[in-house]
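# Close look at the chain arrangement
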Amino acid sequence: MTAGSGSWTSINWGFPREETAMTELFSDDLRQLSGAFQARKRPLSVQVEFAENDGSLQTREGPVTYRRGDAILTGVEGERWPVSRKRFEATYQPSETSGVYSKKPAIVWAYVAPSPLDVALPDDRGHLHAAPGDVIVQYAPGDQAVVGASIFAQTYERLPENTGATGEPPA
């Protein structure tokens, strides 16, 4: 759906989202939005499988396409999402248990959706739908995802204002 083109209905994990007018997120860089903040991903383990074929996965926030070899992750609430193989290898590290990985330490920008928002994924992999209260997470300008509020609270730590790129306050 594009901005101003109506509404969407999505059924994810058996829970229907109300039909709601959507607005396309208007910034490809969250740092420019009032209310955006920095957060650090907690070093939690996730179960990982690698896709044997190209496909599409229905996530809680909308369908996301993936390619053969991409990682399919399972998170803290059983939610599943695909990650491109290149990004996965750059941002996750294996644990001692086969098929289990953890996110490398990273600082991201985040923004709590004040109303329903539609977020385009890079490389035409799909659009995610944020409900009010969901958190838009930015890995790099133009590279964003939607994280449900309860999952964000479990998997990210909000950093104090004026935190530098390393997660530490400036000297």
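Not measured: the values here are computed from a predicted model.

Rules and cut-offs
Residues numbered from 1 in each chain as written. Predicted model: local features only at pLDDT ≥ 70, side-chain atom pairs only at ≥ 80, totals over all residues. Heavy atoms only, no water. Phe/Tyr/Trp six-rings, centres within 6.5 Å; stacked < 30°, edge-to-face > 60°. Helix = DSSP H or I, 4+ residues; strand = E, 2+ residues; numbered from the N terminus. Buried < 20%, exposed > 50% of the residue type's maximum accessible area, 1.4 Å probe, protein only. Contact = heavy atoms within 4.5 Å.

### Regarding the packing of aromatic side chains
Under the defined criterion, the tally for this structure stands at six aromatic pairs. Look at Phe-50 and Tyr-101: their rings are 6.3 Å apart centre to centre, the planes differ by 85 degrees, and that puts the pair in the edge-to-face class. On the criterion of sequence distance, the pair formed by Phe-50 in strand β7 (residues 45-50) and Tyr-101 in strand β13 (residues 100-103) is long-range, its members being 51 residues apart. By relative accessible area, Phe-50 is classed as partly exposed at 30%. Residue classification places Tyr-101 among the buried residues on the basis of a relative accessible area of 17%. With a centroid separation of 4.7 Å and an interplanar angle of 10 degrees, the aromatic rings of Phe-152 and Tyr-156 are classed as stacked. Pair check on accessibility: Phe-152 and Tyr-156 agree, each one buried. Among the aromatic residues, those joined into a cluster by ring pairs are Phe-50, Phe-88, Tyr-92 and Tyr-101.

### Considering the side chain of Asp-143
Structurally, Asp-143 can be placed in strand β18 (residues 143-147). Apart from residues lying up to four places away in sequence, Asp-143 is in contact with Arg-87, Pro-122, Val-137 and Gln-138.

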